[in-house]
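Structural overview
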Amino acid sequence: MSAPSRGRWLLALLRDEVTAQLRRPSPWAFAAMYAAIGMLFVIAAGGAFEGVQVGVGGGNTDVDSPFAVTSAALVLSLFAVMNVAAVAGGAACRDVEQGMHPLVYSTPVPRGVFLWARFLGALVVCGVIVAGIPAGILVGAKLPLLEPERFGSWDAMSAVVALAGWILPNVVFTAGLFFALAGVTRRMFPNYIGGVLLLVGYLGAQALIRDLDNEALSALIDPFGFGAFDLQTRYWSPHERNVLLPWPTGWSLANRALWLGIGLSALASTFRLFRFDHDGWRLPTLRRAPPAPETTAVATVVPTVPRRFDPPARLVQLFALTARAVRDVLGHRYFWAFVAATVLFQLLYTQVIGTLWGTDTWPVTYGVLMVLEGTLQLFVVVILTFYAGDLVWHERDLGTDALYDALPVPDWMPLAAKVVALVAVVAGLHLPVPIIGVLVQLSAGFHDLQPGLYAASLALSLVEWVPFVALALAVHVVVNDKIVGHVANVLLWVALTFRGALGFEYHLFWFGASPGREWSDMNRWGDALGPHLLYQALWWAVGLGLLVVARLLWVRGTDPGLRGRLREARRRLDRATVGTLGGSVAVSAGLAAVIVYDSAVVHPYVSSVDGTRQQVRYEREYQADWADAPHPRVTDVDLRLDLYPRQGRLRAEGTLALENRSGEPVARMLVSTPTSSELLPEEIALSLDVPSQWAVLDDALGLREVTLDPPLPPGGRATLAFTFALAHRGFDNAGHSTVLVDNGTFVPSSLVLPGLGYERGYELADKAERRKYGLPERPRMLDLDDPVGRTRNYISDDADRVAFRAVVSTDADQHAVAPGARVEEHVEEHVEGDRRVATFEAERPILYLFAFLSARWDHREAKAGDVDVSVWYHPTHTYNVDRMLQAATDSLEAYGRRFSPFQYRELRIVEFPRYATFAQSFPSNIPFSEAIGFVARVVDPDEDIDYPYYVTAHEVAHQWWAHQVISADTQGATVLVETLAQYSALTQMEAEFGPEHVYRFLRYEQDRYFSARAVERDKEVPLMRVENQGYVHYQKGGVVMYALARAVGQERLDAALQSFLLAWRDRGPPYPTARDLVDHLRAALPDAGPLLTDTFERIVLWQNRATAATARPNGDGTWTVTLTVRLEKTESDAVGRETALPVDEEIEVGVYAGTREAREPLRVERVRLQGPEATVTWTVPSQPTLAGIDPDHLLLDRDRDDNLVAVTTD
Amino acid sequence: MTSLAIRNLTKTYPNGVRALDDVSLELGAGMFGLLGPNGAGKSTLMRTLATLQDVDAGSAVLSVDGAPLDLLADKERARRVLGYLPQDFGLSPKARAQDLLGTFAVLEGLVDRAARRQVVDALLHKVNLWDARRQAVGTFSGGMRRRFGIAVALLGNPRLIVVDEPTAGLDPAERARFHHLLAELGEDAVVLLSTHIVDDVLNLCPRMAILHQGRVRLVGSPDEAREGLRGRLFARTVTRAEQEALDPALGVISTRLVAGRLEVRVVADAAPAGFHPVEPSLEDVYFAVTTGRWTP
């Protein structure tokens, strides 16, 4: 008999393999499962579940668009890594695992044929499994129960692209890897571990990959192609996302090829290393020792010694068993691989602690801990799930259970030992954290170590893990099947992790949950620790109960089956056990009762769905009646505010002077009182000094109606007196207090002043959410030219500008900050604690927007002309205080010169806790979060964007652009506020650091603009009509204004802005709009007309490219350079459909010496160019190396890397 | 004095197999052999006495110096006087023999470190593992592992020692060593040894029982057992063709090859045609009982 040809042999084997594998139910079951998950995903994204928001990239991207289908399928396919590990691993080591290898490996089949058949068979099976994902998504998108508005670009080719372009290359890559791993080790187990590590590591490394400066590199090295997919599609407009098929191109194609190649090389290594023999590769650890030489048996007498079984002896036994169990874990062959992986990833992730505009923050301890504990968490979950099963089954797996079970130890002891051992292992995993943390801190040159915080945070972390140890072990004991136990534990974890997505927020229903804890250097743990520990006590008690149940069902000796175990459990129910179980139930019930009382009775429980429904009710019940009802405006504020940070309460008492400026008589008013999820009303009192009747409309919304009889005539005046006492009561399910806290109080005016009239801003804004609740479409803002909008300002419709006086008291060891100048301050002595009382007075009427802060700060002061500038900061956060002070004084001086004089005597920058991460400009005060700026690490101003300086400059600019001139409440309102502040800050940054610094900054801004417009939920609008969209008024606005300054000259632009400001400064209604600004600029800068149209009135995008540049020497040292460029200019509509525009305008052209990183301008000029292709021929003074179009990226250009081209010499 | 009274033990598994059927035995101090084929119920009986399995009915009471201890009801105390060597067992592969035995000693109540050390060392000497005391038990051969198991069983000076199939799978030398070890087990303890190897019983046990299909078929000393069969056992050498022609009613208890030829043995009141009387061995007794051809 002759051997068949290799090809036919392979085909026969492959057919055999595929039929055998596909005859089993599991590939089909998994395919069905993934299809179901895909469907569920689409249904959720389609808006089927209340309170569940699943995003697919912006409201204008269809849920069934090729982009959405591909990206969702790509993400979901990541979970199939475990399937690939199982299938490919099984194909490689099935024979050895089943003990069939002596038979199989002695057949005459060539090794190569055998391995190819197995590998290709595995690919087919994996292909069947992953094909379920896009199939499920596409089928799901056709289900009738979805909102049709979110669908419409269904394309069956999406599935083909997702599979062929993205998922299958991943399958080949991972299959090659796992085939090799299992083939060489001849075991499945390394694959499961490898699969988990690959997933966990990859998900964690995402941040790391994203953070790379070099986008192409980060796209290339991402093995699953997420980064490449992102790079390829992130600027795609909603329209493009709906119509383009995302086949991998460019870097994506390279990425796919690279990882496909790596998978195949892994396969090739299998071909080299796989051995058709009995033993395979084996680590030389446990060689069977030759029997020890037989010495003649000595007649030995075994001494009889007393034995003890008293409680101390039991303790010794428990310790011995625990030590044995710990050694079992530590001796496990993969344990140290887990530990090494944990430490490795922790080290990796610490490299990306908080960056902003490419600048690091200092590795403050809480930041380091956040990263390290987060990483640890991933690994502890894996280790816990895995070793819980391993420990419970350890004796039985080894076959040593009969020895242990017949020993005179009580039934509870083995389980107790395993609990203690697993807790000890988890505790041990925490040990590297402070070491790594301190190393990271020291290596960054950071020396403000906080050992106490390390200790506290890690102790809390361990406390939080203990109940999960109990749960994981109890599940394994009760289930009494190792595999089922593992699956049950994993499912529990998944459910607990994604509980938020399931829509249940009340922590009591979720084992191990709590409102959480969060450290702030300013406010430490705040008031989070009490509720958190209460919850931990509950979970400990529940965990103890679970362990008692587990101890009752613990199998000792031969497994007697469920009925036998229950019989045995009854026998084990002795007094102590009943007592413990009863105790844990009683304690759990008691703690649960306390929690319910605190967070659902004295403190109302409002879920996020409840919150949304309140917004819906507000609009449904009050809009029709009140939205257009005329209300008087506030003209004077006189406030007494007592803050009791330590006691968690505040009392506000004062008067608002009202004037009817509406031109109509006011017969009734809607008055709202403070509502907050944190501070609950203790006392609410309101009165008017004119005849009036008060009625409560809605308690939850804090709405009252007041009827004025007689009505307040036009021009009539009245005084509204109010008293609000608010306090913390119980605790909020959603988390700790952030407004009124021990150190770092930040109270907004809405919590201390009554509101007047219907507040449109409270309405539900999200388009999809509104549809879900059957609310009509709602414009985000009033039209640019809406006359009603012009009668009120963007900040508040309750007032124009107001006279302001406030007396604010706080604990004597704190300072309080309020708008206006601090005209007086003293300390009052009280039995309950001394009080610091300060009086603030605004020198001139201010906008109706206040914040009241109180904390234990240090402060530094400086003078800018007559103005007292100060920074109030947490005593340890000194890193950037001087920079901020410098930025503030520089800005005050510059803006005063460029625009108009500063209007107040004082300017204060005030640090508040990291519960929010913004800085905001109030009249004479700038609250600044501890998380931004204060802990930024600007080591080298040439390299790092100095964002403490930039943010300060921006916020100080608001003292002009907002507080001196305020826009009407219409589209474009934020142009006058944010865009102009951004322009001021950019030019200030240029003055301080030079233009290159700004160019680098603007590159980030362009990237953020293009990324954000791609996921716009509603519609993109031209800058002049911006509807409070950050990417338009900050990112696009900054670029546009900077380019405008370049085109017309900064001095001319400043002069135009100055005259605009002076024309509108401190004006009441009608307020100016962005159209007023554009008209003003057009008049002042007649040459900038077309540019203003393109930047403010249209969405214009560019695609400029330098295609070639050649140069030749002229013999006199000068060179003639010829540059060819391609110019594309398009106008985009609201969803990104673009139409081409002709190019005929001045654009900057530059020729440089040096490198891209360090270029030396030889000649940079604006040149009138005509598209689509243009040539520029220039003489430059020396040899050029680079030439290009729009070299500083002042035009909005998606592809900015191709603007410069290297110059070739003729 | 120590003795064990087993009365009417009955155990039926969920699949209907009756593993123990009204088993009663009286055991005094010393070695008692329990002989029976695979599946006879030996291990069920051993596990029951080792507190690892419950029976449906019956009792097992150990008397130590006149004080009775109900092994089935009071497992906690039973375990304190019990030494158990399971039929087949594993050990934490990386643990060193001395450490692991130390752990077992603690669990046996030997919490005093110095005393424990003495006992552990003495036992390691006794089972001849002293030289291997620092070796990982994962490297032990089957015989060494079983000797280690004996050391575990002997911890805490047990009064009832249950040894389940200790010699299965051992090579002859190792088995001989093991027999020496078993022979030294305490004179004052009840030692119950189960095996399906006749020589084990012959070499070691003054008293024995044969268990078959859950029932006790024979109790006595090996000599008594042989005595009962004397004069009723006959043998004949046959060819394969002749073997097939033999009368099925003959009462054949064994057919074995002797120097390449078949020897058939039967139990009968008188020699059947062509058969000659032979001296019964314990093995013949075992076959006679387990084939049901002879009931003592």
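Residues numbered from 1 in each chain as written. Chains lettered and ligands numbered in written order. Predicted model: local features only at pLDDT ≥ 70, side-chain atom pairs only at ≥ 80, totals over all residues.

**Some remarks on the nonpolar core**
Nonpolar side chains in soluble globular proteins tend to be buried together. Among the nonpolar cores identified, the biggest contains 379 residues, and A:F179, A:V469, A:L473 and B:L192 are the most heavily contacted of them. The element that contributes the greatest number of residues to this core is helix α7 (residues 157-185) of chain A, accounting for 17 residues. Each residue touching A:F179, except ones within four places of it in the same chain, is listed here: A:A88, A:A91, A:A92, A:F119, A:A122, A:L267 and A:T270. Within the second largest apolar cluster, 20 residues are counted, among which are A:A1106, A:L1127, A:L1169 and A:V1207. (Core = buried A, V, L, I, M, F, W, Y, C linked by C-beta atoms within 7 Å. Buried ≥ 20, exposed ≤ 12 C-beta atoms within 10 Å, placed from the backbone. Helix = DSSP H or I, 4+ residues; strand = E, 2+ residues; numbered from the N terminus. Contact = placed C-beta atoms within 7 Å.)

**Observations concerning the packing of helix α34 (residues 1050-1064) of chain A against helix α35 (residues 1074-1084) of chain A**
Residue and element names in this part refer to chain A. Axis separation between α34 and α35 bottoms out at 10 Å; the angle between their running directions is 130°. Classified by the angle their axes make, α34 and α35 are oblique. The handedness of the crossing between α34 and α35 is right-handed. Contacts between α34 and α35 involve A1056, S1059 and F1060 from the first element and L1077, H1080, L1081 and A1084 from the second. Across the contact of α34 with α35, the residue classes break down as five nonpolar, two polar and no charged. (Axes fitted to C-alpha atoms, helices over the stretch in contact; angles between N-to-C directions. Parallel < 35°, antiparallel > 145°, perpendicular 65-115°, else oblique. Left-handed = near helix turned anticlockwise from the far one by under 90°. Nonpolar A, V, L, I, M, F, W, Y, C, P; charged D, E, K, R; others polar.)

**A closer look at the interface of chain B and chain A**
Across the boundary between the two partners, chain B contributes 48 residues, which contact 42 residues of chain A. Considering each element in turn, the side of chain B that touches chain A owes the most residues, seven residues, to helix α4 (residues 113-126) of chain B.

**A few points about the sheet that holds strand β2 (residues 18-27) of chain B**
All names here are of chain B. Taking strand neighbours across the sheet as the criterion, the four strands line up as β2-β1-β4-β5 in an open arrangement whose pairing is antiparallel. A strand with exactly one partner marks an edge of an open sheet, and here the two such strands are β2 and β5 (67-70). Taken pair by pair, the neighbouring strands of this sheet meet at an average axis angle of 20°, ignoring direction. Sheet analysis places strand β1 (residues 2-12) next to β2, joined by six bridges and oriented antiparallel. Residue pairing for β2: T12 is matched across the bridge by R18. Against the sheet, helix α1 (residues 42-49) makes contact with β1, β2 and β4 (57-64), and its axis sits at roughly 60° relative to β2, the strand it touches most. (Pairing = 2+ DSSP bridges.)

**Structural notes on the pairing of strand β30 (residues 1186-1189) of chain A**
All names here are of chain A. Burial along β30 is two-sided: the face carrying L1186 and G1188 and the face carrying A1187 and I1189 are both buried. Judged from the four bridges that link them, strand β27 (residues 1144-1154) and β30 form a sheet pairing that is antiparallel. The partner of V1151 across the bridge, within β30, is A1187. For β30 and strand β31 (residues 1204-1206), the ladder comprises three bridges, and the chain directions are antiparallel. Bridged to A1187 within β31 is V1205.

**Description of helix α31 (residues 973-993) of chain A**
Residues and elements named next belong to chain A. Under the 1.5 Å per step criterion, the end-to-end length of α31 is 30 Å for 21 residues, consistent within 8% with the ideal 30 Å. For α31, the buried fraction is high: 17 of the 21 residues fall into the buried class. G994 occupies a position one or two residues after α31 and carries a positive phi of about 95°. (Expected span 1.5 Å × (residues − 1).)

**Focus: the packing of helix α3 (residues 66-77) of chain A against helix α6 (residues 111-140) of chain A**
Residues and elements named next belong to chain A. In the contact formed by α3 and α6, the axes pass within 9 Å of each other and the chain directions differ by 140°. Comparing their axes, α6 and α3 come out oblique. Our pair here, α3 against α6, has a crossing hand that is right-handed. Together, V69, A72, A73, L76 and S77 of α3 and V130, I133, P134, I137 and L138 of α6 make up the contact between the two elements. Split into classes, the residues belonging to the contact of α3 with α6 amount to nine nonpolar, one polar and no charged.

**Points about unusual backbone geometry**
Negative phi is the rule for most residues except glycine; trans is the rule for most peptide bonds. The omega torsion of the bond from A:D709 to A:P710 falls at 5°, within 30 degrees of zero and hence cis. Its place among the elements puts A:P710 in strand β8 (residues 703-712). Omega for the peptide link from A:P1069 to A:P1070 comes to -5°, which places this bond in the cis form. Relative to the assigned elements, A:P1070 resides in the loop between α34 and α35. The residue B:N8 is not glycine, and still its phi comes out positive at about 55°. Looking at the secondary structure, you find B:N8 in strand β1. Backbone geometry places B:N157, a non-glycine residue, at a positive phi of 50°. Locating B:N157 in the fold gives a position in the loop between α5 (142-154) and β7 (160-164). Overall, the presence of 19 C-beta atoms within 10 Å leaves B:N157 in the partly exposed class.

**Regarding the pairing of strand β25 (residues 1129-1132) of chain A**
Residues and elements named next belong to chain A. Examined bridge by bridge, strand β22 (residues 1100-1102) and β25 share three bridges and lie antiparallel to one another. Its bridge partner lying in β25, L1101 is registered against T1130. The pairing of β25 with strand β26 (residues 1138-1141) spans four bridges and is classified as antiparallel. In the sheet register, T1130 faces β26, and the bridge partner there is A1140. Connecting the antiparallel pair β25 and β26 is a turn made up of five residues, with G1136 showing a positive phi of about 95°.

**Some thoughts on the sheet that holds strand β8 (residues 190-195) of chain B**
All names here are of chain B. Sheet architecture is open: six strands sit in the order β6-β7-β8-β3-β9-β10, paired in mixed fashion. On the outer flanks of this sheet lie β6 (82-85) and β10 (215-220), each paired with one strand and no other. The average undirected angle you get between the axes of adjacent strands in this sheet is 15°. Pairing geometry for β6 and β7, over four bridges, is parallel. Opposite G83, over in β7, you have I161 as the bridge partner. The sheet contacts of α1 involve β3 (30-35), β7, β8 and β9 (207-212), and relative to β7 the element is tilted by about 150°. Docked against the sheet, helix α10 (residues 282-290) engages β3, β9 and β10, running at close to 35° with respect to β9.

So, to be careful, I would describe these as geometric facts and stop short of saying anything about function.
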